[in-house]
Amino acid sequence: MIKDNLKEVESNISKAIAKAGRKESDVTLIAVSKTKPVEMLKEAYDCGIRDFGENKVQEITEKYPALPDDIRWHMIGHLQTNKVKYIADKVYMIHSVESEKLALEISKRAVAVNRVIPVLIEVNIGDEESKFGIKASECLEFVERIHDLPGIKVNGLMCVAPYTENAEDNRKYFKLLKQIAIDITNKNIDNVSMDVLSMGMSGDYEVAIEEGATYVRVGTNIFGIRQYNVNN
Ligand SMILES: *Cc1c(COP(=O)(O)O)cnc(C)c1O
């Protein structure tokens, strides 16, 4: 089942890349495995997936030792400062930096384990009250405040677009995220690149690719519907 799902998602990704006149190597699929058991991640791994996205520190620390060490673990969810220390040596990239306090803590913990952790700034692109992230209008200023911290490298932007049944509704948000990245690039800030745009989920990854996504984060369309219990 995972194998067939992956085939379909990967084929849709290829079509979107071709439609946009981009290169296959421009876009990487992150399989969002939150709430899913290790056996399912193993199945995706055996199909060639190496990038996995999780949104809970505890899930990363539990799954990490149970799976091959060439996996790139992406922290994509809200990260509490007091938990950064548990994943600083494990995550490949943190997509969800949305406060100076968090950036400072990641910096401190990265230095402690002798790493430079690539980070993305999470932008609240739909300006939704329920969502984490820096406001679009404050993004540049935020990057300027954190760009010279040791142990982190600002690599781009991430967004979770508003929920919609119609992917086309989110095209304007993906365009906006891309534009913010261009504007920041034009400022030539030290230690900052805007190479990564992490945008697009099960409902809208094709549109996101057409608008410049370099990572798409797909969960449901690979692993099926998630069941949450009181603990997650
Ligand atoms: C859960 C999650 C996803 C994947 O969502 P699906 O709709 O299941 O593809 C992507 N990004 C973030 C930040 C998530 O929390």
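Because the structure is a prediction, the values reported are computed rather than measured.

Chemist: Just checking my understanding: could you explain the overall build of the protein for this structure?
Modeler: Each helix and strand counted, the protein has nine helices and eight strands in total. Against the 2.2 N^0.38 benchmark of 17 Å for 232 residues, the protein shows a C-alpha radius of gyration of 17 Å, consistent with a compact globule. In terms of overall dimensions, the protein has C-alpha extents of about 45 × 40 × 35 Å along its principal axes. Within the protein, contacts between residues separated by at least 24 positions form 61% of all contacts whose residues are at least 6 apart in sequence. Surface exposure of the protein reaches about 11200 Å², of which carbon and sulfur atoms provide 47%. Taken together, the 31 basic and 36 acidic charged side chains of the protein have centroids lying 2 Å from each other.

Chemist: I keep staring at the environment of V111 and nothing clicks. Help me out?
Modeler: Within the secondary structure, V111 sits in helix α5 (residues 100–112). C-alpha of V111 to C-alpha of Q227: the two residues are 116 residues apart in sequence and 37 Å apart in space.

Chemist: So what exactly am I meant to see when it comes to the pairing of strand β8 (residues 215–218) here?
Modeler: Consecutive side chains along a regular strand alternate between the two faces of the sheet. Burial along β8 is two-sided: Y215 and R217 facing one way and V216 and V218 facing the other are all buried. Two elements, strand β1 (residues 28–32) and β8, share four bridges in a ladder whose sense is parallel. The residue of β8 that forms the bridge with I30 is R217.

Chemist: Please clarify how the pairing of strand β3 (residues 72–75) should be interpreted in this entry.
Modeler: Pairing geometry for strand β2 (residues 51–54) and β3, over four bridges, is parallel. Bridging across to β3, E54 finds its partner in M75. The β-α-β motif built from β2, the intervening helix α3 (residues 57–63) and the parallel element β3 has right-handed crossover chirality. Here β3 runs beside strand β4 (residues 93–97); their pairing, made up of two bridges, is parallel. Residue H74 lies in a different strand from β4, and its bridge partner there is M93.

Chemist: I keep staring at α5 and nothing clicks. Help me out?
Modeler: Because an α-helix packs 3.6 residues into every turn, residues spaced three or four apart end up facing the same way. Here α5 contains 13 residues, and its C-alpha end-to-end distance of 18 Å stays within 8% of the 18 Å for a straight helix at 1.5 Å per residue. Of all the positions in α5, only L102, A103, E105, I106, S107 and A110 are classed as buried. N114 occupies a position one or two residues after α5 and carries a positive phi of about 65 degrees.

Chemist: Looking at this structure, I do not really get helix α1 (residues 2–19). What am I missing?
Modeler: For α1, with 18 residues, the first-to-last C-alpha span of 25 Å sits near the 26 Å given by 1.5 Å per residue. Of the positions making up α1, those classed as buried are I2, L6, V9, N12, I13, A16 and I17. Taken around the axis of α1, the buried residues stretch over an arc of 140 degrees, which confines them to a single face. Away from its buried face by more than 90 degrees, α1 exposes K3, D4, K7, E8, K15, A18 and K19. For α1, the elements touching its buried residues are β1, α2 (38–46), α8 (205–210), β8 and α9 (220–223).

So, how was this worked out
- Residues numbered from 1 in each chain as written.
- Predicted model: local features only at pLDDT ≥ 70, side-chain atom pairs only at ≥ 80, totals over all residues.
- Heavy atoms only, no water.
- Helix = DSSP H or I, 4+ residues; strand = E, 2+ residues; numbered from the N terminus.
- Rg over C-alpha atoms; globule rule 2.2 N^0.38 Å.
- Contact = heavy atoms within 4.5 Å.
- Areas by Shrake-Rupley, 256 points an atom, 1.4 Å probe, with all protein chains shown as cover.
- Lys, Arg positive; Asp, Glu negative; His and termini not counted.
- Charge placed at Lys NZ, Arg CZ, Asp CG, Glu CD.
- Buried < 20%, exposed > 50% of the residue type's maximum accessible area, 1.4 Å probe, protein only.
- Pairing = 2+ DSSP bridges.
- Right-handed = clockwise from strand over helix to strand, strands pointing away.
- Expected span 1.5 Å × (residues − 1).
- Arc of directions from axis to C-beta.

Treat this as a map of the structure, not an account of what it does.
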